[in-house]
Amino acid sequence: KAYQETSAMKDAKRRLKQRCETDLKHVHDSIQKADLEDAEAMKRFAAQKDKSEKMIKDNEDRQEECWRKIQDLERQLQKLGTERFEEVK
């Protein structure tokens, strides 16, 4: 009888150990999956950030070009106004 009880206890402990090992493997798998998802999310974020920064830089460059054109047109207007003034004087 003692042998049966000991054997039953060993079996129960073996099953418990196996369940713990299985649970631990699931935890490790979940951590690995979460790490992979985080890495992919960071990669997507970095790509989107680069794209956004390039768009903003391009926008700033085009704005600067527009301001240069405006300043040039203002100088031309001033020159034309001066020429007209000189003509009618």
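So, here is what we can say about the structure in this document. (Residues numbered from 1 in each chain as written. Predicted model: local features only at pLDDT ≥ 70, side-chain atom pairs only at ≥ 80, totals over all residues. Heavy atoms only, no water.)

A few words now on the overall build of the protein chain. Regarding its fold elements, the protein chain presents 1 helix and 0 strands. Scaling as 2.2 N^0.38, a compact globule of 89 residues should have a C-alpha radius of gyration of about 12 Å, whereas the protein chain reaches 38 Å, well beyond that. Projected onto its principal axes, the C-alpha coordinates of the protein chain cover approximately 130 × 10 × 5 Å. Per-residue burial over the protein chain gives 0% buried out of 89 residues. A total accessible area of about 9,000 Å² is found for the protein chain, and carbon and sulfur atoms account for 57% of it. Both charge centroids of the protein chain, one from 22 positive and one from 21 negative side chains, sit 10 Å from each other. (Helix = DSSP H or I, 4+ residues; strand = E, 2+ residues; numbered from the N terminus. Rg over C-alpha atoms; globule rule 2.2 N^0.38 Å. Buried < 20%, exposed > 50% of the residue type's maximum accessible area, 1.4 Å probe, protein only. Areas by Shrake-Rupley, 256 points an atom, 1.4 Å probe, with all protein chains shown as cover. Lys, Arg positive; Asp, Glu negative; His and termini not counted. Charge placed at Lys NZ, Arg CZ, Asp CG, Glu CD.)

Right, let's talk about the pattern of salt bridges for a bit. Under the counting rule described, the total for this entry stands at 6 salt bridges. With its nearest N and O atoms 3.0 Å apart, the salt bridge here joins Lys25 to Asp29. Placement of the pair is Lys25 and Asp29 together in helix α1 (residues 2–88), with a separation of 4 residues, close to one helical turn. The exposure class of Asp29 is partly exposed, given its relative accessible area of 33%. Measuring nitrogen to oxygen at the nearest pair gives 3.1 Å for the salt bridge that ties Lys49 to Glu53. (Salt bridge = Lys/Arg side-chain N within 4 Å of Asp/Glu carboxyl O.)

Looking now at a negative patch on the surface. A contiguous patch of negative charge on the surface is contributed by Asp35, Glu37, Asp38 and Glu40. Along the polypeptide, Glu40 turns up in helix α1. We classify Glu40 as partly exposed; its relative accessible area is 38%. (Patch = residues over 30% accessible without salt bridge, like charges linked within 9 Å, V, L, I, M, F, W, Y side chains within 5 Å.)

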